[in-house]
Amino acid sequence: MANTSDIIIIGGGIAGTATGYYLAKAGLQVALFDKGFLCSGSTGRCIGGVRQQFTSESSIKLMMRSVELFAGMDEELGTEVHWHPGGYLFLAHDEQKKQAFLDNIRIQQAAGLKDVRWVDAAEAREIVPLLDTAGLLGGSYCPTDGQAYPFAVVNGYAQMIRKLGGRVHAFSEVGGIISAGGAATGIRLASGEEHHAPVVVNCAGPWAAEVGALAGIEVPVEAERHEALITEGVEYLGIPMLVDYRADGGYFQQFRHNGQFIGCYSPSPRVPGHSAGSTFEFLTDMPRRMLKLVPALAEVKVVRQWAGSYEVTPDGNPVLDRTELAGFYVLGGMCGHGFMLGPAMGQAMAAFVRSGAKEPPYPEFALRRQFGRAEAMK
Amino acid sequence: MGFNRACVIRMPDTAHQIICRCEDVTEEEVLRAIAQGAVTADEVKRLTRAGMGHCQGRTCRRLVNQLLARRLGQRPADQKPVTQRSPLQPVSLKVLADSNQ
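What you see is a predicted model; the values in this text were computed from it and never measured.

1. Examining the pattern of salt bridges
In step 1: In this structure the tally under the stated criterion is 22 salt bridges over all chains.
In step 2: A salt bridge links D315 of chain A to R369 of chain A, with the nearest nitrogen and oxygen atoms 2.8 Å apart. Of the two residues, D315 of chain A is situated in the loop between β17 (301-312) and β18 (319-322) and R369 of chain A in the segment after α9 (338-355); the sequence distance between them amounts to 54 residues. The two residues D315 of chain A and R369 of chain A agree in class, both being buried.
In step 3: Taking the shortest distance from any N to any O, the salt bridge between R75 of chain B and D78 of chain B comes out at 3.2 Å.
In step 4: Because the salt bridges share partners, they merge into one network encompassing D248, D285, R288, R289 and K292 of chain A.

So, in structure tokens, the structure goes:
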């Protein structure tokens, strides 16, 4: 039957396409659906940063795995994804932040991330000669963190799903989850068309809660608007992703492949909901925050601003699990780290689905966990 | 409307014709994106970068839509335009930062 497959995936961002790719690679027939085009949700709106500096052992190890996968991705997917280990430098301007970073570095090194280290202000200036180090105590630096191009990664996975015999359906909104005898058996598109599979994976990103609700399953993920901007391309200056956690800080990096600076900051107060609207406030405040760190960029021109959703969970950690409805899985709640976590999480999700295991591989990412200890490097 | 190029001289080989001058995207690349399954200018933009450069698609927007129309038989009236994003022309970080109060 044309509308029957082994796996149905809802969502054509990094989570869905990576999961789909690894399942297809294992020989399963995958059908993927997105309500828009591929990458039209969070992944296509992210700034392409990839870092291993987290504070939970699982996230650190998954991110080390993701970095390996990004590094081998051109060959694996047969396309250029512009992976570049340009590094991440988290800046500390007060003793408390410095102490927190030193503690984090110990956790990260214990988890196997040997490349991360504390750098003082003088060394930070050596790494980024253009950095304004006024008031800077130093930073947490990992030179093997990096960047990649989201559209190329997602398209690469999607093309491979097709090549492996799977189907990728854009502009196909899922309107219902079909179940029988307490188990998922497929989906119904908004158009009414039905597709059947014994496994349905919710990779709907900021819409994970809505897709879960189609099956009566509560998924604790909330959309939250974050804005971003990008500049024209200029000569590559070798500046790592700079992360400034201060109230009027932000994070930005320069793409190696075309010299564009791209960046964002976390809005305060939060902006919950699915809005993708842009503000003049961000368009003028982000440049101010960038120039505070690297004044030499003054004449670089902004070409575009946009917004997208973070998919936020109560503790800042993702969800990778099965649900109360047999055969219905969820991978999401990436809290702004979906693009970087995606390759390793997709691989882990595929392995979990194939294993048929009852217990999820990472207890701290379980769907029904106690949302207590929060990820500190959000 | 838009289905035939209104040009007197047709290039016999259009493969290297530039569609997006800011990002050096050729006609061949746009057609390859369409062959890969793109049906909207939004998808072509993300697959080829046509419209992502300095002028933000002022030149290529219509050309991309013409190629989509010609290849897929779309009516221009039915085509969804790509989102226009500010600033509508490039503005330096300094000028923007100085506008922040």
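2. Notes on the pairing of strand β9 (residues 174-180) of chain A
Residues and elements named next belong to chain A.
In step 1: Pairing geometry for β9 and strand β10 (residues 183-189), over 6 bridges, is antiparallel. Bridge pairing in β10 links A180 to A183.
In step 2: Between β9 and β10, which pair antiparallel in sequence order, lie 2 residues; one of them, G181, sits at a positive phi of approximately 60°.

3. A short note on the nonpolar core
All names here are of chain A.
In step 1: Ranked by internal contacts, the top residues of the largest apolar core, which has 78 residues, are V153 and Y157.
In step 2: Examining the composition of this core, we find that 10 residues originate from one element, α9, more than from any other.
In step 3: Residues Y141, F282, L297 and A298 belong to the second largest nonpolar core, which totals 30 residues.

4. Thoughts on the environment of F255 of chain A
Residues and elements named next belong to chain A.
In step 1: Within the element layout of this structure, F255 appears in the loop between β15 (251-254) and β16 (260-264).
In step 2: Overall, F255 belongs to the buried group, its relative accessible area being 3%.
In step 3: In the structure, F255 is positioned 235 residues away from G20 in sequence and 27 Å away in space, judged by C-alpha atoms.
In step 4: In this structure, F255 is in contact with I47, Q147, A148, I230, Y236, Q260 and I262, ignoring residues within four places of it in sequence.

5. A look at the interface of chain A and chain B
In step 1: Between chain A and chain B, the contact holds 30 residues from the first and 26 residues from the second.
In step 2: Together chain A and chain B conceal approximately 2500 Å² of surface at their shared face, both sides included; 59% is due to carbon and sulfur atoms.
In step 3: The largest contributions to the chain A side of the interface with chain B come from F37, V303 and R304 of chain A, which together make up 23% of the buried area.
In step 4: Between the two partners, chain A and chain B, sit 0 salt bridges.

6. Considerations on the environment of A110 of chain A
All names here are of chain A.
In step 1: Tracing the chain through its elements places A110 in helix α4 (residues 95-110).
In step 2: Exposure remark for A110: the relative accessible area of 71% places this residue in the exposed category.
In step 3: For A110 and E57, which are 53 residues apart along the polypeptide, the C-alpha to C-alpha distance reads 8.6 Å.

7. Notes on unusual backbone geometry
In step 1: Residue P269 of chain A is reached from S268 of chain A by a cis peptide bond, and omega for that bond is 0°.
In step 2: If you trace the backbone, P269 of chain A turns up in the loop between β16 and α8 (280-293).
In step 3: Of note, the bond from S86 of chain B into P87 of chain B is cis; its omega dihedral lies within 30 degrees of zero at -10°.
In step 4: Of note, F171 of chain A is a non-glycine position whose phi angle comes to about 50°, a positive value.

Criteria and thresholds
Residues numbered from 1 in each chain as written. Chains lettered and ligands numbered in written order. Predicted model: local features only at pLDDT ≥ 70, side-chain atom pairs only at ≥ 80, totals over all residues. Heavy atoms only, no water. Salt bridge = Lys/Arg side-chain N within 4 Å of Asp/Glu carboxyl O. Helix = DSSP H or I, 4+ residues; strand = E, 2+ residues; numbered from the N terminus. Buried < 20%, exposed > 50% of the residue type's maximum accessible area, 1.4 Å probe, protein only. Pairing = 2+ DSSP bridges. Core = buried A, V, L, I, M, F, W, Y, C linked by side-chain atoms within 4.5 Å. Contact = heavy atoms within 4.5 Å. Buried area = accessible area lost by both parts, 1.4 Å probe.

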